[in-house]
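This is what each chain is made of:
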Amino acid sequence: MDGILGVVDTAVTSPWFYLVLFAVAAIDGFFPVVPSESLVITAGVYAASGRPELVAVVVLAALGAFTGDHVSYLLGRRAGGRLVRGLRPGTRRHAAFGWARRTMADRGGLILVVARYVPGGRTAVTVTMGAVGYRLRWFSVFAAVAAVSWGLYGALLGYVGGVAFEDDPLMGVAVGLGLALSVTAVVEGVRFARRRRRRVGGEAVVARRDADPAGRVGSSPGG
């Protein structure tokens with residue numbers, strides 16, 4: 001255990017760690033198998049003892065996330081051009097693309113900010129926003145909000161764990177990761193409940209229409 005702590009301590013307190021943090025956060029934006037959130041939380045834990053600097057952790061994590069989201073957006077932009085040219089009007093794929101474009105135009109900013117906290121979901125959203133031609137100016141604004149809030153969130157979660165377990169950094173990391181998983185579980189639970197409520201509501205509407213065909217066309221018995 002002491003050997004593991006020594007290796008982690010040496011890595012996190014190294015000046016090169018800031019570059020690694022930026023690179024991992026950036027790569028995670030378009031290649032979502034890199035554990036950027038875990039790294040930010042770990043950095044926050046050790047920041048409680050003064051190294052690395054908490055402000056630097058937040059700034060570099062946010063800059064990395066912002067950069068990675070733009071790489072993902074540009075990849076979607078390139079793929080979207082080919083996709084649009086290959087779509088035929090009247091097909092299911094054409095209708096799905098139109099729905100995605102309308103949804104992003106209406107609520108794209110909010111979706112982008114929320115998706116930043118959903119592993120894997122952030123990449124799907126940024127690629128889709130690029131593919132449907134979401135305006136780059138507004139994408140950058142919302143990506144900045146998402147990146148800064150995410151950097152603060154991860155670093156402060158780790159910092160809380162580091163303060164609470166000053167003599168046991170690994171326990172601090174475990175607490176920070178546990179809190180992050182709890183937040184993710186709550187977000188996913190809310191999303192699942194909303195999807196289920198919409199599905200049940202839609203099925204109820206269909207059932208009422210099937211039971212009362214006359215009501216579906218708006219006719220009355222006396223009409």
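Conventions and cut-offs
Residues numbered from 1 in each chain as written. Predicted model: local features only at pLDDT ≥ 70, side-chain atom pairs only at ≥ 80, totals over all residues. Heavy atoms only, no water. Buried < 20%, exposed > 50% of the residue type's maximum accessible area, 1.4 Å probe, protein only. Helix = DSSP H or I, 4+ residues; strand = E, 2+ residues; numbered from the N terminus. Expected span 1.5 Å × (residues − 1). Phe/Tyr/Trp six-rings, centres within 6.5 Å; stacked < 30°, edge-to-face > 60°. Contact = heavy atoms within 4.5 Å. pLDDT = per-residue confidence, 0-100. Patch = residues over 30% accessible without salt bridge, like charges linked within 9 Å, V, L, I, M, F, W, Y side chains within 5 Å. Areas by Shrake-Rupley, 256 points an atom, 1.4 Å probe, with all protein chains shown as cover. Salt bridge = Lys/Arg side-chain N within 4 Å of Asp/Glu carboxyl O.

A. Examining helix H6 (residues 121–131) more closely. Along H6, the positions that sit buried rather than exposed are Arg122, Thr123, Val125, Thr126, Met129, Gly130 and Ala131. A positive backbone phi angle near 80° is found at glycine 133, which sits one or two residues after H6.

B. Region of the structure containing helix H2 (residues 17–30). If you check H2, its first and last C-alpha atoms are 21 Å apart, about what 14 residues at 1.5 Å a residue would give, namely 20 Å. Within H2, burial applies to Phe17, Leu21, Val24, Ala25, Ala26, Asp28 and Gly29.

C. Highlighting the packing of aromatic side chains. By the definition in use, this model includes 3 aromatic pairs. With a centroid separation of 5.1 Å and an interplanar angle of 80°, the aromatic rings of tyrosine 117 and tyrosine 153 are classed as edge-to-face. In this pair, tyrosine 117 sits in the loop between helix H5 (92–115) and H6 while tyrosine 153 sits in helix H7 (residues 136–164), placing the two residues 36 residues apart along the sequence. When its relative accessible area of 17% is taken as the criterion, tyrosine 153 is described as buried.

D. View of the environment of threonine 67. For threonine 67, the position within the fold is in helix H4 (residues 54–86). Linking threonine 67 and isoleucine 27, residues 40 residues apart in sequence, is a C-alpha distance of 8.6 Å. Beyond its immediate sequence surroundings of up to four residues, threonine 67 is in contact with Phe22 and Ala26.

E. Structural context of the confidence of the model for the protein chain. For the protein chain, the average pLDDT comes to 77, and 63% of its residues sit at 70 or higher. Put simply, helix H9 (residues 213–216) is where the protein chain has its lowest mean pLDDT, 52, and H2 is where it has its highest, 93. A low-confidence stretch, residues 217–223 stays under pLDDT 50, and its non-local contacts, those more than four residues away or across chains, total 1 contact.

F. Seen up close, a nonpolar patch on the surface. A grouping of Ile27, Phe30, Phe31, Val33, Val71 and Leu75 is seen on the molecular surface, where their side chains present a nonpolar patch of about 520 Å² in accessible area. Those elements that provide at least two residues to the nonpolar patch are H2 and H4. Mapped onto the fold, phenylalanine 31 is located in the loop between H2 and helix H3 (36–47). Owing to a relative accessible area of 47%, phenylalanine 31 belongs among the partly exposed residues under this scheme.

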